[in-house]
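# Chains, contacts and geometry: an overview
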Amino acid sequence: MSKEKGRVTLAESVSTYSQVGESPSLADIQPSSMGLTGRISIGSIRLMRSNYAYYPADTFGHDHRHHFCTRLRKERLWFSFYILFYFAYLIMGAVTIHIIEVPTEKNKRREIYELRDNFLEMYPQILDNDLEDFLAAVIQANNVGISPLRNASKDLNWNFGQAILFTTSVVTTIGYGRVTPLSDSGKMFCIIFASIGIPLTLVLMSATVEKFLPPANRLLCTLNNILGPRLHPVYVRIILLTIVGSSVLFVFFIIPAIIYAYLEPSWTGLDAFYFCFISLTTIGLGDYVPEEATRDDPNLYVLYKLMLCVYLILSLIAMMFVLTIFYDIPQMNLTHLLTEGEYSEPSTRHLTGVTSTTESIDDQRRSSSTRRPRVRIAGSATSLEK
């Protein structure tokens, strides 16, 4: 690095405070990349975004400024197109579900109205208004989880099994909504509990996913050794994603769907798979919740709910693991089309495809290397601090 009274050149300062990956040599630095990758970073946390106005007007010339403006317009165009596509997708989904569900809803309404009219004909002494008030009370009780049926379970909704399922659905943001707090104190407790529990759950899941990354990296190394000479590294990563995704699909979707279809008498195979998908994508509509299999035995019912909670947490960890591998493939991450991804510093990959031995050697080299100099930007001058 050429120094002159504590001052460094612009190219040297860029290579000095670029903290991601190896510092590029001066021969590898292009003027356009120097102007757009200037970020001060600590790990993967960006402390200062690039500012094109920081550099002198004549540093790169008119062509590079024109190229930057062209790229910026293109990224804004992609972002605008994505917003339009997103809302068009929502509208298309609304129209589709409307067309599918309206005939079924009309048939159900017709059946209920016919049943109501037949009941009034059989019991003419019952007034229509009295029946209306009774049905309104029944519907309101059912909305809060209380069934007026004679053969319904006499157990309280807030037994331990249902309570542990409620807390799990809250902190995992699934939120089935089958049983909800009725009192004001219960609602306040739910707000406080969720405010603390959701971050704790995210930390737990993120830390657990990090524990699974080294085995996935070793599997990626094995695939690179076997398929590397014949396939591009991107395709090797896609194969890894396919292996992990298929395993998660089989273990956490298909097998549980078969089990729930067997345990829940009123569920079909589609209902069971629908429950698994709605739960593990944290949609949590609450129209299907396992509870019929062990309703007669209170102890077995609590154990059944506990196993359901464990299944939900492990499945969500598996889903986060798959998403981590997916976003680790830059060619499948479309965010770079909507942001300054092409000009920003390369993000650190979770899976490097490098064995632990090589990583330990790299760590030793980094630890034995000299401390990185810090760059202090003051006005248009760049000074070097030892």
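Residues numbered from 1 in each chain as written. Predicted model: local features only at pLDDT ≥ 70, side-chain atom pairs only at ≥ 80, totals over all residues. Heavy atoms only, no water.

## Overview of the overall build of the protein chain
What the protein chain contains, in helices and strands, is 10 helices and four strands. Shown N-terminal to C-terminal, the secondary structure of the protein chain runs as helices and strands in the order α-α-β-β-α-α-α-α-α-α-α-α-β-β. For the protein chain, restricting intrachain contacts to residue pairs at least 6 apart in sequence, the fraction spanning at least 24 positions comes to 60%. (Helix = DSSP H or I, 4+ residues; strand = E, 2+ residues; numbered from the N terminus. Contact = heavy atoms within 4.5 Å.)

## Concerning the packing of aromatic side chains
All told, the structure shown has 16 aromatic pairs when counted by the stated rule. Between the aromatic rings of Tyr 274 and Tyr 288, the centroid separation amounts to 5.8 Å while the plane-to-plane angle is 80°, which identifies the pairing as edge-to-face. With Tyr 274 in helix 8 (residues 269–280) and Tyr 288 in the loop between helix 8 and helix 9 (298–327), this pair connects stretches of sequence that are 14 residues apart. For Tyr 288, a relative accessible area of 25% translates into the label partly exposed. Here the aromatic cluster, defined as three or more aromatic residues joined through ring pairs, consists of Tyr 176, Tyr 260, Trp 267, Tyr 274, Phe 275, Tyr 288 and Tyr 311. (Phe/Tyr/Trp six-rings, centres within 6.5 Å; stacked < 30°, edge-to-face > 60°. Buried < 20%, exposed > 50% of the residue type's maximum accessible area, 1.4 Å probe, protein only.)

## Thoughts on the nonpolar core
The biggest cluster of nonpolar side chains holds 39 residues, and the ones touching the most others in it are Tyr 260, Tyr 311 and Leu 312. Listing elements by their share of this core, those giving two or more residues are helix 6 (184–227), helix 7 (233–263), helix 8 and helix 9. Per-element tally for this core: the top contributor is helix 9, with 11 residues. (Core = buried A, V, L, I, M, F, W, Y, C linked by side-chain atoms within 4.5 Å.)

## Looking at the packing of helix 6 against helix 7
Orientation of helix 6 relative to helix 7, taken along the N-to-C sense of each, is 130°, at an axis distance of 10 Å. The angle between the axes of helix 6 and helix 7 places the two elements in the oblique class. For helix 6 against helix 7, the interelement crossing comes out right-handed. On the side of helix 6, the interface is formed by Ala 216, Leu 219, Leu 220, Leu 223, Asn 224 and Leu 227, while helix 7 contributes Val 236, Arg 237, Ile 239, Leu 240 and Ile 243. Class assignment of the residues belonging to the contact of helix 6 with helix 7 gives a composition of nine nonpolar, one polar and one charged. (Axes fitted to C-alpha atoms, helices over the stretch in contact; angles between N-to-C directions. Parallel < 35°, antiparallel > 145°, perpendicular 65-115°, else oblique. Left-handed = near helix turned anticlockwise from the far one by under 90°. Nonpolar A, V, L, I, M, F, W, Y, C, P; charged D, E, K, R; others polar.)

## As for the UniProt feature "transmembrane region" (unreviewed entry) in the protein chain
In the numbering adopted here, UniProt assigns the feature "transmembrane region" (unreviewed entry) to residues 77–100, 158–177, 189–209, 234–260, 272–290 and 302–327. With 60% helix and 0% strand, residues 158–177 has its two end C-alpha atoms placed 13 Å apart. Secondary structure across residues 234–260 divides into 100% helix and 0% strand, with the first and last C-alpha atoms of the span separated by 38 Å. (UniProt positions renumbered as here; feature names shortened; annotations may be inferred.)

## A look at helix 7
The first and last C-alpha atoms of helix 7 sit 44 Å apart over 31 residues, in line with the 45 Å expected at 1.5 Å per residue. Listed in full, the buried residues belonging to helix 7 are Val 234, Val 236, Arg 237, Leu 240, Leu 241, Val 244, Val 248, Phe 252, Phe 253, Pro 256, Ala 257 and Tyr 260. Buried positions along helix 7 lie against helix 6, helix 8 and helix 9. (Expected span 1.5 Å × (residues − 1).)

## Digging into helix 8
Its 12 residues give helix 8 an end-to-end C-alpha distance of 17 Å, which sits within 8% of 16 Å, the value for a rise of 1.5 Å per residue. By the burial criterion, the buried members of helix 8 are Asp 271, Ala 272, Phe 275, Cys 276, Ile 278, Ser 279 and Leu 280. Each element contacted by the buried residues of helix 8 is listed here: helix 7 and helix 9.

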